[in-house]
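Each chain, written out:
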Amino acid sequence: MNYDSESGDFVMALTGESLIVRPMRQFREARFLELVELLRAADVTFTNAEMLFHDYEGYPREESKGTYMRAAPEIAGELRWMGVDVAATANNHAYDFLTEGVLANRRNLERHGLVVAGTGENLTAARAPGYFDSPRGLVGLVASTDDLNVPGGRAGEARPDMKGRPGANFLRVAVERQLDDRTFEELRELDVRIGYAKEREKVREGRFPGARYIENANQFYFGPTPESPAILYRRGDANCRPRTVVDADDWAATLRSIREARATADWVIYSHHNAFSGDTADDPADHFVSMAHEAIDNGADVVVGHGPHRDRGIEIYEGKPIFYSLGNFIQQTDTIPIQAADAYARFGLDWSSTVNEFYAVRSRGRTVAQETRADRWLSFVPVVRWDARALASIELHPVSLGLGAPLGQRGRPVLAVGEEHRLVLDTLGRLSERFGTTIDPVDGVGVIAMG
């Protein structure tokens, strides 16, 4: 054996949403430093970089459902210091500062030594794998998102005579609902009577580039403008629950990137930022379950989901792990020092309001949303181990982000202990049971053993 990579022994550490604003390396708590060493010890460590690192090269987009993300470019180096090697940038905040923000963010992450995938100067670049050279093998990363907050932000393809559009590898998703014949016809009649059907004719006239919908006697989209995500109504069984379906062409192109990474790399990670859920908020959406399986069938060694800012279950499919959602890993969004005027206006605030007044109003005096939800402040870091290319074990390390701690401190991860540790493992056990996955407590961590 000439190379270490030929052993097939490999360790991955995976983290969820990194919403980092402030430096990390000055802290000395034992449980924080133990977590850092856990990340550094892996052959590759992944995160979803949902914070944007830039010096306001771009302008804030007109609309955003949430926070406008921005941290100083040097903060990207704090992720590298903690041990992060590869970062997905395809997520709902990728376009918060338009095309210039997309490019500056990627540039600053790469300048600080991180390998990036999921955004780029055009669609081909956004879909392309990123490659990280570890001592024990080359790692390929492919990343996508089905959430971009509001329309806009999807990367555009280049032509020989025209440059492309910077953005994210965005996969369009439709929600399908089935109606009985009578209800289907009544809704279709209403669609015509109020003028929605006529408006959608503009799609076929090319007035909505990128909208790709097929309507016929048994299915149609209800609404005036066919923006994704859309609701597709089908004639069928009214008792059938709604389901989500990914755009076939978008997904086929991402699968090609996964196969491309497989042809080059020793190990392949597929990352997907998902905005949809299944029957409950605990369940992954139909389309993501199908995508995860197909990603592995096409060469991915691990699938990492994130997006809902909460943990979801773990599945072992064909000997490969699927993490349907890793929750928050770093959560410092309430200390971003500047927000756009549009963000203030959403809550009836004017130019004289301060940023802390904005955060307080948004959270109703810190009494709603993530302020009181333990699942936003507890998560886990899986460490995945392969021996001779066979999945050997998965260790689940519970993490606490300091719910209830002072604003200046909370949001920084430390290894969880006590009741928080137990709650994370109990929750993961419950969420993973539906996938036939058993988690056992061993030496202070949750373990999924193979064989």
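Above this text is the structure in question.
Residues numbered from 1 in each chain as written. Predicted model: local features only at pLDDT ≥ 70, side-chain atom pairs only at ≥ 80, totals over all residues. Heavy atoms only, no water.

Undergrad: Explanation requested: unusual backbone geometry in the structure shown.
TA: If a residue is not glycine, its phi is most likely negative; likewise, a peptide bond is most likely trans. Backbone geometry at R389 places phi at a positive 70 degrees, although glycine is not the residue there. Within the fold, R389 resides in the loop between strand 18 (378-387) and strand 19 (390-400). Even without being glycine, D443 reaches a positive phi, approximately 50 degrees. Looking at the secondary structure, you find D443 in the loop between strand 21 (440-442) and strand 22 (445-449). (Helix = DSSP H or I, 4+ residues; strand = E, 2+ residues; numbered from the N terminus.)

Undergrad: Can you help me understand helix 11 (residues 418-433) in this one?
TA: Residues lying three or four places apart along an α-helix face the same way, a consequence of the helix completing one turn every 3.6 residues. Taking 1.5 Å of rise per residue, the 16 residues of helix 11 would be expected to cover 22 Å, and the 23 Å separating its terminal C-alpha atoms lies within 8% of that figure. Along helix 11, the residues that are buried comprise H421, V424, L425, L428, L431 and S432. Seen from one end, helix 11 has its buried residues packed into an arc of 130 degrees, which puts them on one side. Opposite the buried face of helix 11, by more than 90 degrees, sit the exposed residues G418 and E433. Looking at the buried residues of helix 11, the elements they touch are strand 15 (314-317), strand 18, strand 19 and strand 22. (Expected span 1.5 Å × (residues − 1). Buried < 20%, exposed > 50% of the residue type's maximum accessible area, 1.4 Å probe, protein only. Arc of directions from axis to C-beta. Contact = heavy atoms within 4.5 Å.)

Undergrad: It is not clear to me how the pattern of salt bridges should be interpreted in this structure. Could you clarify?
TA: Two side chains of opposite charge can pair, provided their charged atoms sit close to one another. Summed over all chains, the structure comprises 30 salt bridges. Among the salt bridges present, the one from R25 reaches E78, with a minimum N-O distance of 2.9 Å. With R25 in the loop between strand 1 (10-19) and helix 1 (30-41) and E78 in helix 2 (residues 76-82), the pair connects residues that are 53 residues apart, well separated along the chain. Among the residues examined, E78 registers a relative accessible area of 7% and is labelled buried. Salt bridges linked by common partners bring R127, R154, R172 and D250 together as one network. (Salt bridge = Lys/Arg side-chain N within 4 Å of Asp/Glu carboxyl O.)

Undergrad: Is there a simple way to explain the pairing of strand 15 in this structure?
TA: Remark: a regular strand shows side chains that alternate across the two faces of the sheet. Across 4 bridges, strand 15 lies against strand 16 (residues 320-323) in antiparallel orientation. In the strand pairing of strand 16, Y317 is matched with K320. Between the end of strand 15 and the start of strand 16, which pair antiparallel, lie 2 residues, with E318 showing a positive phi angle near 50 degrees. (Pairing = 2+ DSSP bridges.)

Undergrad: I'm lost on the side chain of D301 in this one. Help?
TA: Assignment of secondary structure puts D301 in the loop between helix 8 (286-297) and strand 14 (302-306). Given a relative accessible area of 1%, D301 falls into the buried group. At 2.9 Å, the side chain of D301 forms a polar contact with the side chain of R262. Among the polar contacts made by the side chain of D301, one reaches the side chain of R389 at a distance of 3.2 Å. Leave out the neighbours within four places in its chain, and D301 touches R262, D266, W267, V268, K320, P321, W386 and R389. (Polar contact = N/O pair within 3.5 Å; in protein donor to acceptor, adjacent residues only side chain to side chain.)

Undergrad: In this structure, what is going on with the packing of helix 7 (residues 248-264) against helix 8? I would like to understand it.
TA: Packed helix pairs are characterised by how far apart their axes lie and by the angle those axes make with each other. Packing of helix 7 against helix 8 brings their axes to within 9 Å, and their N-to-C directions diverge by 35 degrees. Between helix 7 and helix 8 lies a crossing whose hand is right-handed. When helix 7 is examined against helix 8, the residues W251, L255 and I258 are found in contact with a partner set consisting of M291, E294 and A295. The residue makeup of the contact of helix 7 with helix 8, split by class, is 5 nonpolar, no polar and 1 charged. (Axes fitted to C-alpha atoms, helices over the stretch in contact; angles between N-to-C directions. Left-handed = near helix turned anticlockwise from the far one by under 90°. Nonpolar A, V, L, I, M, F, W, Y, C, P; charged D, E, K, R; others polar.)

Undergrad: What should I look at first to understand the side chain of N91 in this one?
TA: Of note, N91 is situated in the loop between strand 3 (86-88) and helix 3 (98-111). Side-chain polar atoms of N91 contact the side chain of N48, separated by 3.3 Å. At 3.2 Å, the side chain of N91 and the backbone oxygen of A49 are in polar contact. With residues near it in sequence (within four places) discarded, N91 still touches N48, A49, E50, T145, D147, L148 and H273.

Undergrad: Looking at this model, I keep getting lost on the sheet that holds strand 15. Mind explaining?
TA: Sheets are built from strands paired through backbone hydrogen bonds, the pairs being either parallel or antiparallel. Across the sheet, which stays open at both edges, the 6 strands sit in the order 6-7-13-14-16-15 with mixed pairing between neighbours. Two strands lie at the open edges of the sheet, namely strand 6 (130-134) and strand 15, each paired on one side alone. The average undirected angle you get between the axes of adjacent strands in this sheet is 20 degrees. On the sheet, helix 7 packs against strand 6, strand 7 (137-145) and strand 13 (267-273) and is oriented at approximately 155 degrees with respect to strand 13.

Limitation: the analysis is restricted to geometry and does not speak to function.
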